[in-house]
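Residue strings, one per chain:
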Amino acid sequence: MPRVNRTTVLSLLIVSSSVFLLFQLYHYRKYVSKPGPHILNRTGHLTASDVQWQTVKKFLAVAQHFRLPLFLADPATLTLLSQDALLQRDRLVREPHCSFLCTGRPVTSFALYANLWKYEPAFLLAAEQKGFELLELRGEDPRLASLDTLSGEEIPLHLLLRLHSYIIQVVFLYERSGNYLWHGELRLKANMDRSFAPFKLLDFGQHAGAYDRPELVLTVLDGLDVRIPRNVSRFLSEQRHARFLECRYREARSFLQLYPDDSSPDALEFRLKVKSLLHLAAQTLAHLDIPFWLSSGTCLGWFRQCSIISYSRDVDIGILIMNFRSDIITAFRDAGLSLKHKFGKAEDSLELSFLRDDVKLDVFFFYEDGDIVWNGGTQAKSGKKFNTHSLQTHTLEKIRRRRPGDKKDKEPAGNDILKETSRITSHCTFYFLL
């Protein structure tokens, strides 16, 4: 038997070991270290979380190919990213390889600034080639609406993509006068498939909404590059209270045909002053984190004629007494308003009046008693206090108000005044003495 060269044997062993190590490295990189979930159930099939992650991954790959700067707007996922949730994360029982994007819900929501939606046909075709079914929903552009023309061209409002029974929702955000973002209501047309998605589970589209422009940051979630709002908690708070009520242009036009608006120089100047005063009041109260609503004649002007009632000569807002802060007077003074009157007290019938540019801002404080909301009244000249009246309050809409930290606030002009008013209020109420 020929003698085996030990050097040859050693060389063969080294080569075999190297090949085996390379194979292990390839297997690790190809299958084990791949980001995201790859969990198999007992039958050897992918789990629901894995399918959901793969769906989001495919969608983001198409979006990144077309350089669409989408950002994650999904409340369920962002809730897991909020500060309180992260502090408690170790106590949560989550999927080990998909801690954020695999929420267990059949919908994941993203948002896109509408002015960046430039590759629509190619993007939709690429998504279809990846296996997605598509449903695009359009609606009228409210930015073109006015008292003279009530219809405009249709614009994309929502895009739904379906794959493996999972829905990706893309919400288009449009910049409106007043430096805020708006999205439209999701409305299905008669010929659309109503079983395409679980529409009642969608977080966006049940009504129109308005948001401040969020600052975005790029991060990695479950192995995927995703943009998210830097201030997650604030965005979630806005999402819960973002319902937007458009001005009733048709009804306003009908009213103004019967009762033409005052177009005198004095009336125009007054409206500009009211707009400026409302803007300032909204900023001041936002820094105090005090919600408010348009009240009395100011609310009536917005609701009835999409404008300011020029002969009202003042501005009326309402605040629940539970939101009263002792430093509210100081805050308004620091903003350039002088205190004209202070009636009542915090325990009963409080009312504050401020003055700026010869326009009075009346701040009425409302008190809750069961399902009744009331406020008191004091006659300015005599100081006589009226008996407290019960008020039947009709809430028109929870809309919006300016929040702390806003930058580069712009005051809208002309016909946009009431669009801004709609945005910066959180309630709008009429009340009647009983």
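Because the structure is predicted, anything quoted here is derived from the model rather than measured.

Engineer: If you had to explain the packing of aromatic side chains to someone new, which residues and values would you point to?
Structural biologist: Throughout the structure, instances matching the rule amount to 16 aromatic pairs. When the centroid spacing of 6.1 Å and the interplanar angle of 55° are considered together, the rings of Phe71 and Tyr113 count as tilted. With a gap of 42 residues between them, Phe71 in strand 1 (residues 71–72) and Tyr113 in strand 2 (residues 107–113) connect regions that are remote in the sequence. The class of Phe71 is buried, set by a relative accessible area of 1%. Residue Tyr113 is classed as buried on the basis of its relative accessible area, which comes to 12%. Through successive ring pairs, a cluster of aromatic residues spans Phe59, Phe66, Phe110, Trp117, Phe123 and Phe172. Over the face of the ring belonging to Tyr113 we find Arg213, whose NZ or CZ atom lies 4.6 Å from the ring centre. Taking the ring centre of Phe303 as reference, the NZ or CZ of Arg248 above it sits at 3.9 Å.

Engineer: Could you give me a rundown of helix 9 (residues 296–305), with the residues and numbers involved?
Structural biologist: For helix 9, the complete set of buried residues consists of Thr298, Cys299, Gly301, Trp302 and Gln305. Positive backbone phi, approximately 55°, marks Cys306, located one or two places after helix 9.

Engineer: Report on the nonpolar core, specifying residues and quantitative values.
Structural biologist: Generally speaking, a soluble globular protein has its nonpolar side chains buried in company with each other. One finds Phe59, Phe110, Phe123 and Ile228 to be the most contacted residues of the largest nonpolar core, which totals 58 residues. If sequence neighbours within four positions are ignored, Ile228 has contacts with Leu72, Leu78, Leu81, Glu215, Leu216, Val217, Thr219 and Leu221. The next biggest cluster of nonpolar side chains, apart from the first, holds 37 residues, and it includes Val274, Phe292, Trp302 and Leu350.

Engineer: Please set out helix 2 (residues 48–65) residue by residue, giving values where relevant.
Structural biologist: In this model, helix 2 (18 residues) spans 26 Å end to end at C-alpha, consistent with the 26 Å of a helix rising 1.5 Å per residue. Among the residues of helix 2, those classed as buried are Ser49, Asp50, Gln52, Trp53, Thr55, Val56, Phe59, Leu60, Val62 and Ala63. Buried positions along helix 2 lie against strand 2, helix 5 (120–129), strand 4 (154–163), strand 5 (166–176) and strand 9 (224–229). Once helix 2 finishes, Arg67 follows within two positions and takes phi at roughly 55°, a positive value.

Engineer: With reference to specific residues and values, describe the state of the cysteines.
Structural biologist: A full pass over the atoms with the stated rule returns two disulfides. Across the disulfide from Cys98 sits Cys102; the S-S distance is 1.9 Å. The S-S bond linking Cys98 to Cys102 shows a torsion near 85°; that makes this disulfide right-handed. According to the relative accessible area criterion, Cys98 is buried, its value standing at 0%. With relative accessibility at 4%, the residue Cys102 sits in the buried group. Each sulfur in the disulfide pair Cys247 and Cys306 lies 1.6 Å from the other. Judged by the sign of its S-S torsion, about -125°, the bond between Cys247 and Cys306 is left-handed. With a gap of 59 residues between them, Cys247 in the loop between helix 6 (232–240) and helix 7 (249–258) and Cys306 in the loop between helix 9 and strand 11 (314–320) connect regions that are remote in the sequence. By the burial criterion, Cys247 is buried, and Cys306 matches it.

Procedures and definitions
Chains are numbered independently. Their residues run from 1 in the order of the written sequence. At least 70 in pLDDT is required for a residue's local features to be given in this predicted model, at least 80 for side-chain atom pairs to be given and counted, and no such filter applies to totals for whole chains, interfaces and linings, which use all residues. Note that the side-chain values use all heavy atoms of the structure and ignore hydrogens as well as water. Two aromatic rings, drawn from Phe, Tyr or Trp (for Trp, its six-membered ring), form a pair once their centres lie within 6.5 Å of each other, and the interplanar angle then sorts them: stacked below 30 degrees, edge-to-face above 60, tilted otherwise. Only DSSP runs of H or I reaching four residues or more are called helices, and only runs of E reaching two or more are called strands; each is numbered from the N terminus. Only protein chains enter the accessibility calculation, which uses a 1.4 Å probe; a residue whose area is less than 20% of its type maximum is buried, one above 50% is exposed, and one in between is partly exposed. Only when the NZ of Lys or the CZ of Arg is both within 6 Å of the ring centre and within 35 degrees of the ring normal is a charge said to sit over the ring. To form a nonpolar core, buried Ala, Val, Leu, Ile, Met, Phe, Trp, Tyr and Cys residues must be joined to one another through side-chain atoms within 4.5 Å. Two residues qualify as a contact provided that any one of their heavy atoms is within 4.5 Å of a heavy atom in the partner residue. Under the convention used throughout, the expected extent of a helix is 1.5 Å for every residue step, that is, one less than its residue count. When the sulfur atoms of two cysteines come within 2.5 Å, that pair is taken as a disulfide.

These values are about where atoms sit, not about what they do.
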